[in-house]
Amino acid sequence: MTITRFCLVRHGETDWNAARRLQGHTDIDLNAKGLAQAKQMAHALYRINLKFDILYTSDLKRAAKTAQAIEQLFKTSAVNNVALRERHLGALQGLTTDEAPTREPELWKSHLSRNINENLRDGESIQQFSERIQTVLEQIRMQHSGKTILLVSHGGTLDMMY
């Protein structure tokens, strides 16, 4: 049996993370703390002598910039993959966790209940999100069978992977 290993990394902090604003597909860059976290993560991986064969990242800036710190230290290049993006949160994107219950009470309630079929009005349901992540992981696994894959992505995406 061939074993393929995935090492999963979440992106560093953005201003929207700090403000508890729902990002989804919104392309928000890392803040100063997030850039420092990315460098710290890269150095931690380097110190433990992590060996990987390929680096993948979501195409969104917050993940790509986190991967960039790894690229620089390990002298490698990341493969951007749009399918590794965070869940599209539809009408909730851009709202803070304080605003959402007031502005979109029914959607927020459905979101918190983890209703797998709710697409959050023009977003992506958990079912769709899960299928997207399962498909991309399987594609990456098949393409790099027996290898170690370092993957930089988002909290929700990693949740689906687990």
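Everything here concerns the structure above.
Residues numbered from 1 in each chain as written. Predicted model: local features only at pLDDT ≥ 70, side-chain atom pairs only at ≥ 80, totals over all residues. Heavy atoms only, no water.

Okay, the side chain of Thr 57 next. The topology assignment puts Thr 57 in strand E2 (residues 54-57). Judged by its relative accessible area of 1%, Thr 57 falls in the buried class. Among the polar contacts made by the side chain of Thr 57, one reaches the main-chain carbonyl oxygen of Ala 63 at a distance of 3.3 Å. Beyond its immediate stretch of four places on either side in the chain, Thr 57 contacts Ala 63, Ala 64, Ala 67, Ala 78, Val 79, Asn 80, Asn 81, Leu 84 and Val 152. (Helix = DSSP H or I, 4+ residues; strand = E, 2+ residues; numbered from the N terminus. Buried < 20%, exposed > 50% of the residue type's maximum accessible area, 1.4 Å probe, protein only. Polar contact = N/O pair within 3.5 Å; in protein donor to acceptor, adjacent residues only side chain to side chain. Contact = heavy atoms within 4.5 Å.)

Attention shifts here to the environment of Leu 73. Within the fold, Leu 73 resides in helix H3 (residues 61-74). Among the residues examined, Leu 73 registers a relative accessible area of 22% and is labelled partly exposed. In this structure, the C-alpha to C-alpha distance between Leu 73 and Ser 113, residues 40 residues apart in sequence, is 41 Å. Those residues in contact with Leu 73 that sit more than four places away from it in its chain are Ala 42, His 43 and Tyr 46.

Bringing the packing of aromatic side chains into the picture now. The tally for this structure, following the rule as stated, stands at two aromatic pairs. Ring geometry for Tyr 46 versus Phe 74: centroids 5.5 Å apart, planes at 75 degrees, classification edge-to-face. You can see Tyr 46 sitting in helix H2 (residues 32-47) and its partner Phe 74 sitting in helix H3, a full 28 residues away along the chain. On the accessibility criterion, Tyr 46 (48% relative accessible area) is partly exposed. Ring pairing ties together the aromatic residues Tyr 46, Phe 52 and Phe 74, which thus form one cluster. The residue whose ring lies beneath Arg 21 is Trp 16, and the NZ or CZ to ring-centre distance is 5.8 Å. (Phe/Tyr/Trp six-rings, centres within 6.5 Å; stacked < 30°, edge-to-face > 60°. Lys NZ or Arg CZ within 6 Å of the ring centre and 35° of its normal.)

Moving on, we get to the pattern of salt bridges. Per the stated rule, a full pass over the model turns up nine salt bridges. Here Lys 33 and Glu 13 are joined by a salt bridge, their closest N and O atoms 3.8 Å apart. Of this pair, Lys 33 sits in helix H2 while Glu 13 sits in the loop between strand E1 (5-10) and helix H1 (15-18), and the two are 20 residues apart along the sequence. Under the relative-accessibility criterion, Lys 33 is labelled partly exposed at 49%. We note a salt bridge from Lys 65 to Asp 29, for which the minimum N-O separation is 2.8 Å. In this pair, Lys 65 is assigned in helix H3 and Asp 29 in the loop between H1 and H2, connecting sequence segments 36 residues apart. Accessibility expressed as a relative area gives 28% for Lys 65, which makes it partly exposed. A residue is classified by how much of its surface remains accessible, and Asp 29, at 30% relative accessible area, is partly exposed. A single network of salt bridges, built from pairs that share partners, joins Arg 21, Glu 99 and Arg 103. (Salt bridge = Lys/Arg side-chain N within 4 Å of Asp/Glu carboxyl O.)

As a further point, take the pairing of E2. Covered by surrounding structure in E2 are Ile 54 and Tyr 56 together with Leu 55 and Thr 57, the residues of both alternating faces. For E2 and strand E4 (residues 148-153), the ladder comprises four bridges, and the chain directions are parallel. Paired with Thr 57 across the bridge in E4 is Val 152. The pairing of E2 with strand E3 (residues 78-80) spans three bridges and is parallel. Residue Thr 57 lies in a different strand from E3, and its bridge partner there is Asn 80. Taken together, E2, H3 and E3 form a β-α-β motif whose crossover is right-handed. (Pairing = 2+ DSSP bridges. Right-handed = clockwise from strand over helix to strand, strands pointing away.)

Interpretation note: all reported values are geometric properties and have no functional meaning in isolation.
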